[in-house]
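Summary of structural features
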Amino acid sequence: MKKISWVILLSVVLGFSSSCLKNEICSPYIIDLQAGIYNFSESDGIIDTIPSKIDLDTLYGITLEDNYLLLNSTDTETLNFPLNDASTECSFILSFGHTKDTIHFIYEKHLLFNSVKCGVSYTYSIINIAYSTNLLQEIILINSEIDVNSAENIQLVF
């Protein structure tokens, strides 16, 4: 009888340990705010945005002046802004030669449980965007929810 109970106990323990997804691959989740580059276009009195490209000297976070997200980028169509997990706001500088624009994002962060092995990550909801208009004309919020599945979140209109 003792042998049977040990066999059952061992089976139960091995059964639980094998259900821990040993072969699960934890890919890093890249959850950045995505921006498209646009210009205003007027046709028959209707103003609309059209996709465009810009030449950008640098893109960096306000506290990361030596950590460029982009450096000497030509014909840029999209930009990705990594949001700070440790805060609910962050700012970036777009530099075009001697002209610079600042973009400040305020957002809520939401903890997302991925799995026991892979841990947690954050998703975000944009609450407010403040920006300078030296070269940048307008920022249009398209999708305030930022997660692993989101596409373009804002349109940067130059």
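In what follows, the accompanying structure is described.

Rules used throughout
- Residues numbered from 1 in each chain as written.
- Predicted model: local features only at pLDDT ≥ 70, side-chain atom pairs only at ≥ 80, totals over all residues.
- Heavy atoms only, no water.
- Buried < 20%, exposed > 50% of the residue type's maximum accessible area, 1.4 Å probe, protein only.
- Helix = DSSP H or I, 4+ residues; strand = E, 2+ residues; numbered from the N terminus.
- Pairing = 2+ DSSP bridges.

1. What about the pairing of strand 6 (residues 89-96)?
- Most of strand 6 is tucked away: seven of the eight residues are buried.
- One ladder, built from four bridges, connects strand 3 (residues 54-61) with strand 6; its direction is antiparallel. The partner of Leu59 across the bridge, within strand 6, is Leu94.
- Where strand 6 lies against strand 7 (residues 99-115), eight bridges are found, and the strand directions are antiparallel. Each bridged residue has a counterpart across the sheet, and for Leu94 the counterpart in strand 7 is Asp101.
- Counted between consecutive antiparallel strands, the loop separating strand 6 from strand 7 contains two residues, among which Gly97 sits at a positive phi close to 65°.

2. Observations regarding unusual backbone geometry
- Phi is positive for Asn72, close to 50°, though the residue is something other than glycine.
- Turning to its location among the elements, Asn72 is positioned in strand 4 (residues 68-76).

3. A look at the pairing of strand 7
- As paired strands, strand 7 and strand 8 (residues 119-131) are joined by 12 bridges and run antiparallel to one another. Opposite Phe105, over in strand 8, you have Ile129 as the bridge partner.
- Where strand 7 folds back on strand 8, the antiparallel hairpin that results is connected by three residues.

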